[in-house]
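# Architecture at a glance
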Amino acid sequence: MTSFPAQARRVRDSTLSPQRRLYALRECTLHCAPYGFRATWHHLVVSARIPRRLADDLDALVRAVDELQRARDVVLPRAQEYAAGRRREKATGRRTPQTPPPWNSWGWSRIAYCPDPEHHPTAPLATVAQAVLDRYAAGIGVDTHCLVCGIERRRPDRACPTCGVHPDGPAARWRAYPAEERWQRIWHRELDDRPTPLAP
Ligand SMILES: [Zn+2]
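Everything numeric here is computed off the predicted structure, so don't read it as measured data.

### Examining the coordination of the zinc ion
For the zinc ion, every protein donor is listed as Cys146 (SG), Cys149 (SG), Cys160 (SG) and Cys163 (SG), and the spread of their distances is 2.1 to 2.3 Å. Metal-centred angles of 104 to 118 degrees between the four donor atoms at the zinc ion mark the site as tetrahedral.

And the structure:
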């Protein structure tokens, strides 16, 4: 797996085939998946209006990677700052903090992990990531509040009923049936319930 910037360049490269550009977008989403890979992918298909036939609107792939890039720009400085701080602490012999920060996981999916790929926040990814980081910095506890919408959690072990984010991160299980069939539909961008895109 190569880096996000290299894959993002491929997504934007109009000399490549649509399918290759789609796979590059998939790689980018693996690198930066604030809702987890599947829910982030569903979000991008809807928000960037990625059509079933890619050739119908190739700019959709660029819109999608632009949105991912903006989310990454929000999280990356904070993650790098934290990593540098940890290195300094380790050098002075301090132990690992008890509470790991929300971005400290694969694809940053702990920031706002959504176990149901079709139930996730609707705001832009960067806005959601910023809200989580701000609430985290303000010391708001993930056990008592949803860090995305700020509402108080009545059932800390469940996904937020409003935005779909689960405080357990990728460890949360989602057992709706038939999950795999639904995922295949999302991957192939066969979404019946989204609004029809406007004609150019
Ligand atoms: Zn919420």
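Next comes the rest of the description.
### Examining the nonpolar core
Within soluble globular proteins, side chains that are nonpolar generally end up buried alongside one another. Core analysis: the biggest nonpolar cluster contains 48 residues, and Leu25, Trp41, Ile50, Leu68, Ile111 and Val148 have the highest contact counts within it. The set of elements that each furnish at least two residues to this core consists of α1 (4-12), α2 (18-31), α3 (37-47), α4 (59-91), α5 (125-137) and α6 (179-187). Top element by residues in this core is α4. It accounts for nine residues.

### Brief notes about the packing of aromatic side chains
Using the criterion set out here, one finds five aromatic pairs in the structure. For the ring pair Trp41 and Trp187, a centre distance of 4.9 Å and an interplane angle of 35 degrees mean the geometry is tilted. With Trp41 in helix α3 and Trp187 in helix α6, this residue pair connects regions lying 146 residues apart in the sequence. Taken individually, Trp41 and Trp187 each receive the classification buried, so the pair is uniform in this respect.

### Considering the layout of surface pockets
Put simply, the largest pocket is a space of about 370 Å³. Lining the largest pocket are 22 residues, and of these Pro102, Arg110, Val142, Leu147 and Pro167 sit closest to its centre. Classifying every residue of the lining of the largest pocket gives 13 nonpolar, five polar and four charged.

Rules of the game
Residues numbered from 1 in each chain as written. Predicted model: local features only at pLDDT ≥ 70, side-chain atom pairs only at ≥ 80, totals over all residues. Heavy atoms only, no water. Donors = N, O, S within 2.8 Å, 3.2 Å for Na, K, Ca; no water. Tetrahedral: all angles 85-135°; square planar, octahedral: opposite > 155°, others 65-115°. Core = buried A, V, L, I, M, F, W, Y, C linked by side-chain atoms within 4.5 Å. Buried < 20%, exposed > 50% of the residue type's maximum accessible area, 1.4 Å probe, protein only. Helix = DSSP H or I, 4+ residues; strand = E, 2+ residues; numbered from the N terminus. Phe/Tyr/Trp six-rings, centres within 6.5 Å; stacked < 30°, edge-to-face > 60°. 1 Å grid on protein atoms, 1.4 Å probe; cavity = no way out; pocket = protein on both sides within 12 Å on 5 of 7 lines; lining within 4 Å. Points joined across faces, edges and corners; volume = space filled by probe spheres on them. Nonpolar A, V, L, I, M, F, W, Y, C, P; charged D, E, K, R; others polar.

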